[in-house]
Amino acid sequence: KFKEPINLAKMHIWNMNWSASYVDRSLKDVEVYVSTSTADDLYNTMYNNPSKVWTLATVLNDMKQGASNANYTGEEYVLEQTQANVTWVMFRILTNYRETAATGAHYCGLSEVQFYDDTEFVGPQRTQLTFVPGEVKTANPSTFSPDAES
């Protein structure tokens, strides 16, 4: 959650870049949702009525895998449309580079994300990151809809 609403225009994302044995946990395909909610806790709201809270801002397909070295500069992602008055950002991870449950697909991560408000860096802001556990499913992730009733 941002301390103040921003007009989210772009993000700079460093995929998992810890060491060679972890870069396969880099995110590959991700849906990025935004919310203008002023609630302090969206955990219950997200599951009870997601269409009233979240808007799909962009889909990041085939994100570059982390490089496992200090020269890795991450990637910049410019949104097609600036998202106004954003207070929350949610990443819905569809796939990573370790794609099967047998090899540990449920472990993935990012090294860093920077958010830009109308192309100006917003930060640094200390904010609490919240992990929302989900079920591991074999269904096609493209069937997810924030408009679905729970």
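Refer to the preceding data block for the structure.
Quick caveat: nothing in here was measured; it's all calculated off a predicted structure.

(A) Representation of the sheet that holds strand β2 (residues 27-35). Read across the open sheet, the three strands follow the order β3-β2-β5; overall the sheet is antiparallel. Each end of this open sheet is capped by a strand with a single partner; those strands are β3 (55-60) and β5 (88-96). Adjacent strand axes in the sheet meet at a mean angle of 20° when their direction is disregarded. Bridge count between β2 and β3: five bridges; the pairing is antiparallel. What sits directly across from Val 30, in β3, is Leu 60.

(B) Region of interest: the packing of aromatic side chains. For the structure shown, the criterion picks out two aromatic pairs. Between the aromatic rings of Phe 2 and Phe 115, the centroid separation amounts to 5.2 Å while the plane-to-plane angle is 90°, which identifies the pairing as edge-to-face. With Phe 2 in the segment before β1 (6-15) and Phe 115 in strand β6 (residues 110-117), the pair connects residues that are 113 residues apart, well separated along the chain. The class of Phe 2 is buried, set by a relative accessible area of 10%. Centre to centre, the rings of Trp 18 and Tyr 22 are 4.5 Å apart; their planes meet at 25°, and the pair counts as stacked. A relative accessible area of 26% places Tyr 22 in the partly exposed class. Lys 10 extends its terminal NZ or CZ atom over the ring of Tyr 116, reaching a point 4.7 Å from the ring centre.

(C) Examining the sheet that holds strand β7 (residues 120-122) more closely. Read across the open sheet, the four strands follow the order β4-β1-β6-β7; overall the sheet is antiparallel. Either end of the sheet is taken by a strand with one partner, and the two such strands are β4 (75-86) and β7. Taken pair by pair, the neighbouring strands of this sheet meet at an average axis angle of 35°, ignoring direction. Note that β1 and β6 share seven bridges and pair antiparallel. Paired with His 12 across the strands is Gln 114, a residue of β6.

(D) Molecular detail of the nonpolar core. The biggest cluster of nonpolar side chains holds 18 residues, and the ones touching the most others in it are Leu 8, Met 11 and Val 89. Once residues lying within four places of it in the same chain are set aside, the contact partners of Met 11 are Val 32, Thr 58, Leu 60, Glu 75, Glu 76, Tyr 77, Leu 79, Phe 91, Gln 114, Phe 115 and Tyr 116. Residues Tyr 33, Val 53, Trp 54 and Trp 88 belong to the second largest nonpolar core, which totals six residues.

(E) Expanded view of unusual backbone geometry. The phi dihedral of Asp 62 is positive, around 55°, even though this residue is not glycine. Along the chain, the position of Asp 62 falls in the loop between β3 and β4. Judged by its relative accessible area of 55%, Asp 62 falls in the exposed class. The phi torsion at Ser 68 lies on the positive side, around 60°, for a residue other than glycine. Looking at the secondary structure, you find Ser 68 in the loop between β3 and β4. The class of Ser 68 is partly exposed, set by a relative accessible area of 27%.

(F) Expanded view of the pattern of salt bridges. Inspection of every chain in the model, using the stated rule, returns two salt bridges. Among the salt bridges present, the one from Lys 10 reaches Glu 76, with a minimum N-O distance of 3.1 Å. Of this pair, Lys 10 sits in strand β1 while Glu 76 sits in strand β4, and the two are 66 residues apart along the sequence. For Lys 10, a relative accessible area of 14% translates into the label buried. Note on Glu 76: relative accessible area 45%, which makes it partly exposed. The partner of Arg 92 in a salt bridge is Glu 31, with the nearest N and O atoms 3.4 Å apart. Of this pair, Arg 92 sits in strand β5 while Glu 31 sits in strand β2, placing them 61 residues apart in sequence. For Glu 31, a relative accessible area of 10% puts it in the buried group.

Criteria and cut-off values
- Residues numbered from 1 in each chain as written.
- Predicted model: local features only at pLDDT ≥ 70, side-chain atom pairs only at ≥ 80, totals over all residues.
- Heavy atoms only, no water.
- Pairing = 2+ DSSP bridges.
- Helix = DSSP H or I, 4+ residues; strand = E, 2+ residues; numbered from the N terminus.
- Axes fitted to C-alpha atoms, helices over the stretch in contact; angles between N-to-C directions.
- Phe/Tyr/Trp six-rings, centres within 6.5 Å; stacked < 30°, edge-to-face > 60°.
- Buried < 20%, exposed > 50% of the residue type's maximum accessible area, 1.4 Å probe, protein only.
- Lys NZ or Arg CZ within 6 Å of the ring centre and 35° of its normal.
- Core = buried A, V, L, I, M, F, W, Y, C linked by side-chain atoms within 4.5 Å.
- Contact = heavy atoms within 4.5 Å.
- Salt bridge = Lys/Arg side-chain N within 4 Å of Asp/Glu carboxyl O.

These values are about where atoms sit, not about what they do.
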